[in-house]
Amino acid sequence: MAEALTNRQAQALGLDVRALSAGTVGGKSLNPIAVEVMEEIGVSMAGQEPKLLTQQMADQADLIISMGCGVDAQSCPARFLLTEDWELDDPAAQSIEQVREIRDEIGQRVDQLLSRLTSNR
């Protein structure tokens with residue numbers, strides 16, 4: 001959700017920002033409830049798939065933000081320094097109402113992040 005929301009907002013603002021989401025533990029498929037709640041606000045997650053964070057991704061990132069969903073540093077193949085931890089609940093196994101709340105919180109955090117990035121220009 002964070003990748004899709006960030007990329008949509010950055011594009012709408014004309015910012016040269018690209019988000020890439022990856023986890024410390026690889027998933028097999030996107031959370032169908034997350035996909036559904038994103039479609040409710042007109043954001044498609046088509047073409048996205050779970051990705052495992054690699055050292056190359058970490059090395060190329062300007063910022064690394066954890067959603068706070070139980071980062072498993074021991075199983076992570078990449079060594080990295082967090083820029084921020086948003087301390088959000090993991091949408092896995094949550095009700096659709098809870099996933100909507102998580103989506104909305106991510107959206108607010110993305111807006112705040114993009115605002116900070118544009119004010120630093």
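Rules and cut-offs
Residues numbered from 1 in each chain as written. Predicted model: local features only at pLDDT ≥ 70, side-chain atom pairs only at ≥ 80, totals over all residues. Heavy atoms only, no water. Core = buried A, V, L, I, M, F, W, Y, C linked by side-chain atoms within 4.5 Å. Buried < 20%, exposed > 50% of the residue type's maximum accessible area, 1.4 Å probe, protein only. Helix = DSSP H or I, 4+ residues; strand = E, 2+ residues; numbered from the N terminus. Contact = heavy atoms within 4.5 Å. Expected span 1.5 Å × (residues − 1). Axes fitted to C-alpha atoms, helices over the stretch in contact; angles between N-to-C directions. Parallel < 35°, antiparallel > 145°, perpendicular 65-115°, else oblique. Left-handed = near helix turned anticlockwise from the far one by under 90°. Nonpolar A, V, L, I, M, F, W, Y, C, P; charged D, E, K, R; others polar.

**As for the nonpolar core**
- One finds Met1, Leu5, Met38, Trp86, Ile106 and Val110 to be the most contacted residues of the largest nonpolar core, which totals 19 residues.
- Listed by contribution, the elements that provide at least two residues to this core are α1 (2-12), α2 (32-40) and α4 (96-119).
- By residue number, the principal contributor to this core is α4, which donates six residues.
- Among residues more than four places away in sequence, those in contact with Met1 are Ala34, Val37, Met38, Met45, Pro91, Val99, Ile102, Arg103 and Ile106.

**Observations regarding α4**
- Compared with an ideal rise of 1.5 Å per residue, which puts 24 residues at 34 Å, α4 spans 35 Å between its outermost C-alpha atoms and is within 8% of the ideal.
- Considered for burial, the residues of α4 that qualify are Val99, Ile102, Arg103, Ile106, Gly107, Val110, Leu113 and Leu114.
- On the buried face of α4, the contacting elements are α1, α2, β1 (65-66) and β2 (84-85).

**Some points on the environment of Thr24**
- By secondary structure assignment, the location of Thr24 is in the loop between α1 and α2.
- In sequence terms Thr24 and Thr54 are 30 residues apart; their C-alpha atoms lie 8.6 Å from each other.

**Quick notes on the packing of α2 against α4**
- Packing of α2 against α4 brings their axes to within 9 Å, and their N-to-C directions diverge by 60 degrees. Taken together, α2 and α4 sit at an angle that is classed as oblique. For the pair α2 and α4, the crossing hand works out as right-handed. Along its contact with α2, which presents Ile33, Ala34, Glu36, Val37, Met38 and Glu40, the element α4 presents Ile96, Val99, Arg100 and Arg103.
- Residues that form the contact of α2 with α4 fall into these classes: six nonpolar, no polar and four charged.

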